[in-house]
Amino acid sequence: MTSTPTRAPDPRVRRLTTTLYGYAFLEDFVLLYPVYALLFNDTGLTVWQISSLFALWSVTGVLLEVPSGVWADAVSRRLLLWLGPLLTAAGFALWVLLPSYGAFAVGFVLWGAGGALASGALEALVHDELERLGAAGRYARIMGRARAAGLVAVMAAMGLAGPVLGRGGHTAVGAASVLACLLTAATALRFPEHRSPAAGHRRWTAPLRAGLAEARADRSVRGALLLVPAVGAVWGALDEYTPLLVRDTGVADETVPYLLLLIWAGATAGSLLAGEGERLGTAGLAALLAGAGLALAVGSLAGTPAGLILVALAFGGFQAATVLADARLQRRIGDTGRATLTSLAGLGTELATVAVFGGYALIASQSRHSTAFAVFALPYAVTALLLVFKRPLRSPRGIP
């Protein structure tokens, strides 16, 4: 009896994925994440000054999101993935070497610029390389695992930040964060890239024009562009308020981080399962969003630690749906303006996130945090209904 030989994994795909997973982990393995607010406070900044820094960070991302995507379509995407972490490293170094409001402001601008350079460029590079290798169908699964690697890095940073801060203070935490950024930049150099950047004096405007023209001409592209912020903005904003939701369940403050890890674990599981979610189709994606929204509403309104299990399941569903929405967009757009349109979707997410912040402040100032979380489950029900009842669209290339 002879056995059928199995096809060996393509080493080129393996190199791409291992580089991607390493890049995603190192990019989020920043020990400053959970303690930089303490650094600002210890430096003597007021609450207003700290809030203004967050606003400056958001504005930088909004202003640079689309231009950086156009640049990624005009030049080497690998170059931007290398440059972005270096800008972030410079910002973190300023924070610990010259702690002051001005240094913090410049650092946030550098951090926002570094994040904008990678946004759109990473997704476009990975999709184009997978397509070249005949493995574009694995995009959602691979990007889901990359997002999971980033979430694991955040949890690891949360666990290590305290001990490192206790032993070496903010200087040690900052040095570790700078080192992580430098390693991220070094990892970016391992990305394969086989596209040729545009040439000529019009190369800066051509990708933007091509991307916008494609969005105007193809309704399915427009729908996919809108779906990305509709899925990712609300829960991405709510994540910032999860500590307050957890505290409102009545647990001690020292228990809050452990319950937050439960929620992060749910999001990580959602990333890992995103590849399987591609089998769901449009109706399945709608059901996933509706189910996650219901779990968010019921879990948050329960007001108990046990209810946070449902919140974790909801975040897992939203994370999976976010990956699937990105994969849906990548399938529909052409190669010329891929990074541009991906960054345009990112801009929509940034703007919608700011709107959610404003709405949350309005609701939570008049009621409990659990109520605000439940209210923001409603947009997912609306999105699910639109996916189900809106007439299915097909692109000119026949992609469903």
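What you see is a predicted model; the values in this text were computed from it and never measured.

A.B. asks: So what exactly am I meant to see when it comes to the overall build of the protein chain here?
C.D. replies: Broken down by element type, the protein chain carries 17 helices and zero strands. Split into buried and exposed, the 400 residues of the protein chain put 50% on the buried side. Once local pairs closer than 6 in sequence are excluded, the contacts in the protein chain between residues at least 24 apart make up 83%.

A.B. asks: Help me understand the environment of leucine 151 in this model?
C.D. replies: The residue leucine 151 is located in helix H7 (residues 139-188) in this model. Relative accessible area serves as the criterion here: at 10%, leucine 151 is assigned to the buried category. In this structure the C-alpha to C-alpha distance between leucine 151 and phenylalanine 29, which are 122 residues apart in sequence, comes to 9.0 Å. Excluding its chain neighbours within four sequence positions, the residues that come into contact with leucine 151 are Trp264, Ala267, Thr268, Ser271 and Gln319.

A.B. asks: I keep staring at the nonpolar core and nothing clicks. Help me out?
C.D. replies: Residues Leu81, Phe191, Leu296 and Phe315 are the most contacted members of the largest nonpolar core, which totals 86 residues. In terms of residue count, the dominant contributor to this core is helix H14 (residues 307-332) (12 residues). Beyond its immediate sequence surroundings of up to four residues, leucine 296 is in contact with Leu238, Val311, Ala314, Phe315, Phe318, Phe373 and Ala377. The next biggest cluster of nonpolar side chains, apart from the first, holds 22 residues, and it includes Val35, Ala89, Phe92 and Phe108.

A.B. asks: Would you explain the packing of helix H6 (residues 121-132) against helix H15 (residues 338-364) in this entry?
C.D. replies: The axes of two packed helices give the description: the angle between them and the distance between them. Between H6 and H15, the least distance of the axes is 8 Å, while the angle of their chain directions is 135 degrees. By the angle class used here, H6 and H15 are oblique. You can see that H6 and H15 cross each other, and the crossing is right-handed. Across from Ala121, Glu123, Ala124, His127, Asp128 and Glu131 in H6, the residues of H15 making contact are Arg338, Ala339 and Thr342. Considering only residue class, the contact of H6 with H15 consists of three nonpolar, two polar and four charged.

A.B. asks: Mind showing me how you'd approach helix H13 (residues 281-302) here?
C.D. replies: Quick reminder: α-helices carry 3.6 residues per turn. Residues three or four places apart thus point the same way. Relative to the 32 Å expected for 22 residues at 1.5 Å per residue, H13 spans 31 Å between its end C-alpha atoms, a close match to the ideal helical length. For H13, the full list of buried residues reads Gly284, Leu285, Ala286, Leu289, Ala292, Gly293, Ala295, Leu296, Ala297, Gly299 and Ser300. Elements in contact with the buried residues of H13: helix H9 (219-238), helix H10 (242-247), H14, helix H16 (369-375) and helix H17 (378-389). Backbone geometry just downstream of H13 places glycine 303 in the positive-phi region, at approximately 65 degrees.

A.B. asks: Would you mind showing me how to read the environment of phenylalanine 389 here?
C.D. replies: Of note, phenylalanine 389 is situated in helix H17. By relative accessible area, which is 67% here, phenylalanine 389 ends up exposed. Put simply, phenylalanine 389 and alanine 283 are 106 residues apart on the chain and 9.5 Å apart in space, counted from C-alpha to C-alpha.

A.B. asks: What is the right way to read the packing of H13 against H17 from this model?
C.D. replies: Across the interface, H13 lies against H17 with an axial gap of 8 Å and an inter-helix angle of 165 degrees. Judged by the inter-axis angle, H13 sits roughly antiparallel to H17. Crossing handedness for the pair H13 and H17: left-handed. On H17, the residues touching Thr282, Leu285, Ala286, Leu289, Ala290 and Gly293 of H13 are Tyr380, Thr383, Ala384, Leu387 and Val388. When the residues that make up the contact of H13 with H17 are grouped by side-chain class, the tally is eight nonpolar, three polar and no charged.

Reading the values: rules and limits
- Residues numbered from 1 in each chain as written.
- Predicted model: local features only at pLDDT ≥ 70, side-chain atom pairs only at ≥ 80, totals over all residues.
- Heavy atoms only, no water.
- Helix = DSSP H or I, 4+ residues; strand = E, 2+ residues; numbered from the N terminus.
- Buried < 20%, exposed > 50% of the residue type's maximum accessible area, 1.4 Å probe, protein only.
- Contact = heavy atoms within 4.5 Å.
- Core = buried A, V, L, I, M, F, W, Y, C linked by side-chain atoms within 4.5 Å.
- Axes fitted to C-alpha atoms, helices over the stretch in contact; angles between N-to-C directions.
- Parallel < 35°, antiparallel > 145°, perpendicular 65-115°, else oblique.
- Left-handed = near helix turned anticlockwise from the far one by under 90°.
- Nonpolar A, V, L, I, M, F, W, Y, C, P; charged D, E, K, R; others polar.
- Expected span 1.5 Å × (residues − 1).

Remember that the coordinates give geometry; whether it matters functionally is a separate question.
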